[in-house]
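# Inside the fold
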Amino acid sequence: MLSGASTRRCSEIVEVVVLRFASKASNDKMKESLLAKLASAVANLYASVQTALTGESGGPGELAKHFKGSSWPGEAAQEVFNFRSIAHVHAANGLEEVKSGREEAKGMKKGQELGHLYSASSMLEQACKLKLNNTKEKELKAKITSMQALIAKAKKENDVSDAEAEKVVAM
């Protein structure tokens, strides 16, 4: 089994690589839809790591034996939920990039945006339910609060759009 210091160091390296990549993608002004796909791919990679760490794909493998009793499988699961949430947020933001002048399309986009934001919030809540009591959990709880504010804002915008559409229909 790897020592606690070794696993922490490996975790720190992974975190730095992911943060550098995310920062570069943001600085390069990548489209939200592409960022959503990248975040989804990172979530899938973490899911593969989690499977390898737990040995869920057909019994305990060699790697799973070394991580038995460690917090790594749970932390990998936490990152799966975190990056799925990030993917949904970018997908919601990407809907604004789609150009369309039709009112029906605007209403549909707002509904899709709300759906992505609710999914993102759900992913964060699932990550917190793992109860790992690590520093990441505090960060995720703060993200849930921010997500609730985004949902409230999107709902308000949706209500305003609905009211405007009703005025047009009444004329």
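Every chain's residues receive numbers from 1 upward, in the order its sequence appears when written. Totals for whole chains, interfaces and linings use every residue, but because this is a predicted model, local features are given only for residues with pLDDT of at least 70 and side-chain atom pairs only at 80 or more, for both listing and counting. Only hydrogens and water are removed before side-chain values are computed, so all heavy atoms of the structure are retained for them.

## Focus on unusual backbone geometry
Positioned with a positive phi, Lys 131 is a non-glycine residue whose angle comes to about 50 degrees. Here a helix means four or more residues in a row that DSSP labels H or I, a strand means two or more in a row labelled E, and each is numbered from the N terminus. As for its position among the elements, Lys 131 is in the loop between helix 5 (103-129) and helix 6 (135-170). Here Lys 131 falls in the exposed class, since its relative accessible area comes to 59%. To sort residues, take the accessible area from a 1.4 Å probe on protein chains only and compare it with the maximum for the residue type: under 20% means buried, over 50% means exposed, and anything in between is partly exposed.

## Points about the nonpolar core
By size, the foremost hydrophobic cluster in this structure holds 15 residues, and its most contacted members are Leu 117, Leu 124, Leu 140, Met 147 and Ile 151. Considering every element that reaches this core, the biggest residue donor is helix 5, with 7 residues. Here Met 147 is in contact with Ser 85, Val 89, Leu 117, Ala 120, Ser 121 and Leu 124, once residues within four sequence places are set aside. We define the nonpolar core as a collection of buried residues of types Ala, Val, Leu, Ile, Met, Phe, Trp, Tyr and Cys that are connected through side-chain atoms lying within 4.5 Å of one another. Of all hydrophobic cores here, the second largest spans 8 residues; its members include Ala 39, Ala 43, Tyr 46 and Ala 87. A contact between two residues is defined here by any heavy atoms of the two lying within 4.5 Å.

## Some details on the packing of aromatic side chains
For any pair of aromatic rings, geometry is given as the distance between the ring centres together with the angle between the planes. Put simply, two rings from Phe, Tyr or Trp (the six-membered ring, in Trp's case) pair if the centres are within 6.5 Å, and we call them stacked under 30 degrees between planes, edge-to-face over 60, tilted for the rest. Going through the model one piece at a time under the given rule, you end up with 1 aromatic pair. Pairing Tyr 46 with Phe 83 gives two aromatic rings, centres 5.7 Å apart and planes at 20 degrees, and the pair type is stacked. Highlighted residues: Tyr 46 in helix 2 (residues 32-54) and Phe 83 in helix 4 (residues 72-94), separated in sequence by 37 residues. The class for Tyr 46 is buried, based on a relative accessible area of 13%.

## What to know about the side chain of Asn 82
Its location among the elements puts Asn 82 in helix 4. On the basis of relative accessible area, Asn 82 is assigned to the buried category, the value being 2%. Beyond its immediate sequence surroundings of up to four residues, Asn 82 is in contact with Leu 124, Lys 136, Leu 140 and Lys 143.

## Comments concerning the environment of Glu 137
Within the element layout of this structure, Glu 137 appears in helix 6. With 12 residues separating them along the chain, Glu 137 and Glu 125 place their C-alpha atoms 9.9 Å apart. Ignoring sequence-local partners within four residues, the contact set of Glu 137 consists of Gln 78, Cys 128, Lys 131 and Leu 132.

## Regarding helix 2
Taking 1.5 Å of rise per residue, the 23 residues of helix 2 would be expected to cover 33 Å, and the 33 Å separating its terminal C-alpha atoms lies within 8% of that figure. For helix 2, the set of buried residues is Glu 32, Leu 35, Ala 36, Ala 39, Val 42, Ala 43, Tyr 46, Ala 47 and Leu 53. Looking at the residues trailing helix 2, positive phi occurs at Gly 55, about 70 degrees. One fewer than the residue count of a helix, multiplied by 1.5 Å, yields its expected span.

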